[in-house]
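Topology and contacts: notes
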Amino acid sequence: MGELTVRRAVVADAAAMAAVHVASWQETYRGLISDDVLDDPEFVSRRERYWTATIPAAVDGTDAIAVAERDGVIVGIASIGAPADPDATWGAEVFVIYVLAREYGSGAGGMLLDETLGTRPASLWVADPNPRAQAFYRKHGFVPDGQTKNDGIAAIRMVRG
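Read on for an overview of the structure. Everything quoted here is computed from the prediction, not taken from an experiment.

Calculation notes
- Residues numbered from 1 in each chain as written.
- Predicted model: local features only at pLDDT ≥ 70, side-chain atom pairs only at ≥ 80, totals over all residues.
- Heavy atoms only, no water.
- Helix = DSSP H or I, 4+ residues; strand = E, 2+ residues; numbered from the N terminus.
- Buried < 20%, exposed > 50% of the residue type's maximum accessible area, 1.4 Å probe, protein only.
- Contact = heavy atoms within 4.5 Å.
- Pairing = 2+ DSSP bridges.
- Axes fitted to C-alpha atoms, helices over the stretch in contact; angles between N-to-C directions.
- Expected span 1.5 Å × (residues − 1).
- Arc of directions from axis to C-beta.
- Core = buried A, V, L, I, M, F, W, Y, C linked by side-chain atoms within 4.5 Å.

A few words on unusual backbone geometry. Negative phi characterises most residues that are not glycine, and trans characterises most peptide bonds. The amide bond that connects Asp 128 to the next residue, Pro 129, takes the cis arrangement and shows omega of 15 degrees. Within the secondary structure layout, Pro 129 lies in the loop between strand E5 (122–127) and helix H5 (131–139). Here Asp 71, not a glycine, exhibits a phi torsion of approximately 55 degrees, which is positive. The topology assignment puts Asp 71 in the loop between strand E2 (64–70) and strand E3 (73–81).

By the element assignment, Ala 66 lies in strand E2. Using a relative accessible area of 0% as the deciding quantity, one classes Ala 66 as buried. Taking the C-alpha atoms as reference, Ala 66 lies 8.4 Å from Gly 76; in sequence the two are 10 residues apart. Not counting residues up to four positions away in its chain, the partners in contact with Ala 66 are Val 6, Arg 7, Arg 8, Ala 9, Gly 76, Ile 77, Ala 78, Leu 112, Glu 115 and Thr 116.

Judged by pairing direction, the sheet is mixed, and its seven strands sit side by side in the order E1-E2-E3-E4-E5-E7-E6 without closing on themselves. If you trace the sheet from one side to the other, it starts and ends with strand E1 (4–8) and strand E6 (143–150), each paired once. Neighbour-to-neighbour, the strand axes of this sheet turn through a mean angle of 25 degrees, independent of strand direction. As defined by bridge partners, strand E4 (residues 93–99) adjoins E5 across two bridges and the pair is classed as parallel. Bridge assignment links Val 94 to a residue of E5, and that residue is Leu 124. Sheet contacts for helix H3 (residues 43–57): E2, E3 and E4; angle to E2, the most-contacted strand, approximately 120 degrees.

Next up on the list: H3. Taking 1.5 Å as the rise per residue, H3 with 15 residues should run 21 Å; its terminal C-alpha atoms sit 21 Å apart, in good agreement. Three or more residues of H3 are buried, namely Phe 43, Trp 51, Thr 54 and Ile 55. In an axial view of H3, the angular spread of the buried residues amounts to 100 degrees, which keeps them on one side of the axis. Facing away from the buried side of H3 by over 90 degrees, the exposed positions are Arg 49, Ala 53 and Pro 56. Elements in contact with the buried residues of H3: helix H1 (14–29), helix H2 (35–38), E2, E3 and E4.

One finds Met 17, Trp 51, Ile 77, Val 94, Leu 117, Tyr 137 and Phe 142 to be the most contacted residues of the largest nonpolar core, which totals 43 residues. Not counting chain neighbours up to four residues away, the residues in contact with Leu 117 comprise Ile 80, Ala 92, Val 94, Ala 122, Phe 142 and Arg 160.

The next subject is the environment of Glu 69. Topologically, Glu 69 is positioned in strand E2. Overall, the relative accessible area of 14% leaves Glu 69 in the buried class. Along the chain, Glu 69 and Thr 5 lie 64 residues apart, while their C-alpha atoms are 5.3 Å from each other. Each residue touching Glu 69, except ones within four places of it in the same chain, is listed here: Glu 3, Leu 4, Thr 5, Arg 7, Ile 74 and Val 75.

This is the structure we're talking about:
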């Protein structure tokens, strides 16, 4: 296996990021989200349009989008920005961090988190149940704060202060 690297995303990455985004959802959320959503033939193209629009809008500082690559192939993605929750007392929110299952345990997730967020206080919403992801976030200093939501999938909020 080649070296794992992490770098800021560029618009040319949008198609590969969309493929990783969708594949990660299919690997992670099967059984938690409807198969109709996960297998929608338009899912990848919608994600590609999202990344194509979002990458140029990311501003250094609060917003950051990064990719993890192995041998030049994108295997993980991450996006952070200003917190969306009105009760936020922290300066950032992790919106996306997905790594292909074959890269679990490789360090890609931690490298993506470091590249986009560093050690700043932040929040994130994580599916519940999703013990692997929740353990990953705990390892990186996030703890559940008691807030929950259900936007089609149950989630808990985790915060690092």
